[in-house]
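Working through the structure, step by step
Listed here are the chains, written in short residue letters.
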Amino acid sequence: MPMAEITPTIEESWKKVLWEEFQSEYFASLKSFLVEERRVHTVYPPGPLIFNAFNSTPLPNVKVVILGQDPYHGPGQAHGLCFSVPEGIQAPPSLVNIFKEIEADLGIPVPKHGNLEAWATQGVMLLNATLTVRASNAGSHQNRGWEIFTNKVITTISEQREHVVFLLWGRYAQAKESLIDTGKHLVLKAAHPSPLSAYNGFTGCRHFSGANDYLRKHGIPEIDWRIS
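Residues numbered from 1 in each chain as written. Predicted model: local features only at pLDDT ≥ 70, side-chain atom pairs only at ≥ 80, totals over all residues. Heavy atoms only, no water.

Take tyrosine 214: it is sitting in helix α10 (residues 207–217). In this structure, the C-alpha to C-alpha distance between tyrosine 214 and glutamate 36, residues 178 residues apart in sequence, is 45 Å. Other than its neighbours up to four places away in sequence, tyrosine 214 contacts His163, Val164, Val165, Lys184, His185 and Leu186. Side-chain polar atoms of tyrosine 214 contact the backbone oxygen of lysine 184, separated by 3.5 Å. (Helix = DSSP H or I, 4+ residues; strand = E, 2+ residues; numbered from the N terminus. Contact = heavy atoms within 4.5 Å. Polar contact = N/O pair within 3.5 Å; in protein donor to acceptor, adjacent residues only side chain to side chain.)

And the structure:
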């Protein structure tokens, strides 16, 4: 299957390292599944935004990885960056808790919107393990091939970058630690920021100052966690 049919908008550095994935049998099956899904269901995010995390954060720019599970499944929420929503869309509870932790950790006021593009353009890879979802049906596109693809993304970052901070929130994300070379990267783990679990270790984790401390120690520009 020609790559142009599968990767219409993915950024060049990612296209190069993920070429074999796009040509694989599992990815062809995944694409066929998505074509059929879109024929009969609403799928989020819109097609041009599926690879938004890659287009916003080229591989050579990756400093921090935040791993989510799958996109938001409500209207207008998902735009290809985990935990993020476009301006004008109410911040979901998990994102509100993230902002509260940043305020407690760094003294940065909770922003008026939940668009995290400002992080992505600084090198924060906002990666969902599953890149699409059926409307109003959380987890509906899991085990269709996306996890194979995003596992390859994580191992590629681990292998090709140096001194990246991986923020793994919740058991699902923490299971990906085995893909990361912890000898040359920093892995910070906490509970998921969901209201159901944030009290169990996400609140007070201070991952945002911790990430910046590590980057600074290795001569890498820190992340400005403010959302203007």
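Let us look at the pairing of strand β3 (residues 124–128). For β3, the buried fraction is high: five of the five residues fall into the buried class. Along β3, one buried face is formed by Val124, Leu126 and Asn128 and the opposite face, lined by Met125 and Leu127, is buried too. The pairing of strand β2 (residues 64–68) with β3 spans five bridges and is classified as parallel. Bridge pairing in β3 places leucine 67 opposite leucine 127. (Buried < 20%, exposed > 50% of the residue type's maximum accessible area, 1.4 Å probe, protein only. Pairing = 2+ DSSP bridges.)

Right, let's get into the side chain of histidine 113. Turning to its location among the elements, histidine 113 is positioned in the loop between α6 (93–106) and α7 (117–120). Only 3.1 Å separates the side chain of histidine 113 from the backbone nitrogen of asparagine 115, close enough to count as a polar contact. At a separation of 2.7 Å, a polar atom in the side chain of histidine 113 contacts the main-chain carbonyl oxygen of serine 228.

Time to look at the packing of helix α4 (residues 25–40) against helix α8 (residues 146–160). Direction vectors running N to C along α4 and α8 enclose 130 degrees, while the axes themselves pass 9 Å from each other. Between α4 and α8, the interaxial angle falls into the category oblique. In this structure, α4 uses Tyr26, Phe27, Leu30 and Leu34 to contact α8, whose residues at the interface are Trp146, Ile148 and Phe149. (Axes fitted to C-alpha atoms, helices over the stretch in contact; angles between N-to-C directions. Parallel < 35°, antiparallel > 145°, perpendicular 65-115°, else oblique.)

One open sheet accounts for four strands, arranged β3-β2-β5-β6; its pairing is parallel. Of all the strands in the sheet, just β3 and β6 (186–190) have a single pairing partner and so form its edges. Sheet twist, expressed as the mean angle between neighbouring strand axes with direction ignored, is 20 degrees. For strand β5 (residues 165–169) and β6, the ladder comprises five bridges, and the chain directions are parallel. Bridging from a neighbouring strand, leucine 167 pairs with leucine 188 of β6. Sitting on the sheet, α8 is in contact with β2, β3 and β5, with an inclination near 155 degrees to β3. Where α10 meets the sheet, it contacts β2, β5 and β6, and its direction lies at approximately 175 degrees from that of β6.

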